[in-house]
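# Descriptive analysis of the structure
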Amino acid sequence: MPQLATDRVVTVGELIQYGIQQLTDPTTARLDCEILLCNILKQPHYFLYAHSDVVVEQRDIVDFNSLISKRANGFPVAYLIGEKEFWSLRLQVNQHTLIPRPETELLVEQALALIENINNCKILDLGTGSGAIALAIARERPDCSVTATDISLPTLAMAQQNAGLLGIRNVQFIHSDWYASLTSQSFDLIVSNPPYVESGDSGFINGDIRYEPRVALDGGSFGLDAFRRIVPGANMYLKSGGKLLFEHGHAQGELIRELLHANRFIEILTRQDYAGLDRITLAVLP
Ligand code: GLN
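This report concerns the structure included in the present document. (Residues numbered from 1 in each chain as written. Predicted model: local features only at pLDDT ≥ 70, side-chain atom pairs only at ≥ 80, totals over all residues. Heavy atoms only, no water.)

Turn by turn, an α-helix covers 3.6 residues, leaving residues three or four places apart pointing in a common direction. Within helix α6 (residues 104-114), eight of the eleven residues are buried, leaving the element largely enclosed by the surrounding structure. Within α6 the residues assigned to the buried category are T104, L106, L107, V108, Q110, A111, L112 and L114. Looking at the packing, one finds that the buried side of α6 touches β1 (83-86), α7 (132-140), β6 (187-192), β7 (238-247), β8 (266-272) and β9 (278-284). (Buried < 20%, exposed > 50% of the residue type's maximum accessible area, 1.4 Å probe, protein only. Helix = DSSP H or I, 4+ residues; strand = E, 2+ residues; numbered from the N terminus. Contact = heavy atoms within 4.5 Å.)

Position of E212 among the secondary structure elements: in the loop between α9 (203-206) and α10 (214-217). Since its relative accessible area comes to 8%, E212 is described here as buried. Within the structure, the side chain of E212 is placed 2.9 Å from the side chain of R101, a separation counted as a polar contact. Setting aside chain neighbours within four positions, we find E212 in contact with Y79, L98, I99, R101 and L217. (Polar contact = N/O pair within 3.5 Å; in protein donor to acceptor, adjacent residues only side chain to side chain.)

Here the focus is the site of the ligand. In the vicinity of the ligand, the contacting residues are R101, E103, N193, P194, P195, Y196, V197, I209, A216, L217 and E247. Take N193: an N or O atom from its side chain is 2.8 Å from a nitrogen atom of the ligand. Residues belonging to the shell around the ligand are distributed by class as follows: seven nonpolar, one polar and three charged. (Near = heavy atom within 4 Å. Nonpolar A, V, L, I, M, F, W, Y, C, P; charged D, E, K, R; others polar.)

The next point concerns helix α4 (residues 58-72). With 15 residues, α4 extends 21 Å between its outermost C-alpha atoms, agreeing within 8% with the 21 Å of an ideal straight helix rising 1.5 Å per residue. For α4, the set of buried residues is D60, I61, F64, N65, L67, I68 and R71. A positive backbone phi angle near 95° is found at G74, which sits one or two residues after α4. (Expected span 1.5 Å × (residues − 1).)

Here the focus is the packing of helix α11 (residues 225-234) against helix α12 (residues 253-262). Where α11 meets α12, the closest approach of the two axes is 10 Å, and the angle between their N-to-C directions is 25°. Accordingly, the angle class assigned to the pair α11 and α12 is roughly parallel. α12 is crossed by α11, and the crossing has right-handed handedness. On the side of α11, the interface is formed by F227, R228 and V231, while α12 contributes I256, L259 and L260. The residue makeup of the contact of α11 with α12, split by class, is five nonpolar, no polar and one charged. (Axes fitted to C-alpha atoms, helices over the stretch in contact; angles between N-to-C directions. Parallel < 35°, antiparallel > 145°, perpendicular 65-115°, else oblique. Left-handed = near helix turned anticlockwise from the far one by under 90°.)

Below, the discussion takes up the packing of aromatic side chains. Given two aromatic rings, one states the distance between the centres and the angle between the planes to describe the pair. Applying the stated criterion to the full structure yields four aromatic pairs. Measuring from ring centre to ring centre gives 5.9 Å for F75 and Y79, while their planes differ by 50°; the resulting arrangement is tilted. For the pair F75 and Y79, a shared accessibility class is recorded, and that class is buried. Aromatic pair F227 and F246: ring centres 4.9 Å apart, planes at 85°, arrangement edge-to-face. With F227 in helix α11 and F246 in strand β7, the pair connects residues that are 19 residues apart, well separated along the chain. F246 carries the same exposure label as F227, and that label is buried. (Phe/Tyr/Trp six-rings, centres within 6.5 Å; stacked < 30°, edge-to-face > 60°.)

The next point concerns the layout of surface pockets. Taken as a whole, the largest pocket encloses approximately 1000 Å³ of empty space. Of all the elements in the fold, those that place two or more residues in the lining of the largest pocket are α2 (29-41), α5 (77-81) and β1. Of the residues that constitute the lining of the largest pocket, the class distribution is 14 nonpolar, six polar and eleven charged. (1 Å grid on protein atoms, 1.4 Å probe; cavity = no way out; pocket = protein on both sides within 12 Å on 5 of 7 lines; lining within 4 Å. Points joined across faces, edges and corners; volume = space filled by probe spheres on them.)

Bringing the nonpolar core into the picture now. Core analysis: the largest hydrophobic core is formed by 34 residues, its most contacted members being I123, L135, I137, V171 and L245. Counting residues per element, the ones that place at least two in this core are β2 (89-92), α6, α7, β4 (145-150), α8 (153-166), β5 (171-175), β6 and β9. If you tally residues by element for this core, the top one is α7, at seven residues. Residues in contact with L135, not counting those within four places in the same chain, are L89, L91, S130, A159, N162, A163, L166, I168, V171 and F173. Core analysis: the next-biggest nonpolar cluster, separate from the first, contains 29 residues, L23, L41, F64 and I68 among them. (Core = buried A, V, L, I, M, F, W, Y, C linked by side-chain atoms within 4.5 Å.)

For β1 and β2, the ladder comprises four bridges, and the chain directions are antiparallel. Paired with E85 across the strands is R90, a residue of β2. Connecting the antiparallel pair β1 and β2 is a turn made up of two residues, with W87 showing a positive phi of about 50°. (Pairing = 2+ DSSP bridges.)

Glancing now at the pattern of salt bridges. Taken as a whole and assessed by the stated rule, the structure comprises twelve salt bridges. R30 is paired through a salt bridge with E34; the nearest N and O atoms lie 3.4 Å apart. In this pair, R30 and E34 are both assigned in helix α2, four residues apart and thus about one turn of the helix distant. The partly exposed category is assigned to R30, whose relative accessible area is 38%. A relative accessible area of 3% places E34 in the buried class. (Salt bridge = Lys/Arg side-chain N within 4 Å of Asp/Glu carboxyl O.)

As structure tokens, then:
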């Protein structure tokens, strides 16, 4: 990839234009470049437009070159800058954590609706990753206590760090393989965005997800392995009338509804994301 010469005067505007030319996806190229440059210059977004003729320092051009070439190879922007916004929370992320997706905010929205009328409720988030879901719910409902688990210790450390940085205290983090390390207790709501991508998905070879933790994404040959462990165990950890809420792949709704039905759940309902695709399913334990 051609590098931008650092021995001549380059303005903010020129640097953005150069960056856009290096990136292949035209739908995200400009935004990616702007986020990366803001991060390097430690300036807010409007600065790029208000000061597009400002000359960029050489060491910042070197840093930009380096980030752009990584981005051109598909490395996610969130990992390059070490953070991702989710539910208006600024979350730290690294390669041990799945990057929170905008569609997962739907899961939070739905979870909040389900617990709207329950005071001091207890919520379990299985496979918390960066802590996105657990922290968003905990921030909205300080009266509730959230338990968040993850099988990966470095992931859990990052989630814990996020709770600390955000000053959110009503989340307890537990290192656990789904329910394995939980003490016996009953929750009002179990929520999870488990790994649900099929093992054979080409994204693991050439998509941006190849840089994300496989354990957070790979759901086995049909993408359903995690659901097959979480659903049958849920009745041990839910109160009667408690709810189970999942994010899942757009083609998995029907199979997940069948799985829930086979495990005696009732009021099973799938909802669509903003793209109109099946994305979350909820059910009630009678
Ligand atoms: N939505 C993610 C993706 O398609 C998958 C998240 C998951 O497996 N939980 O990249």
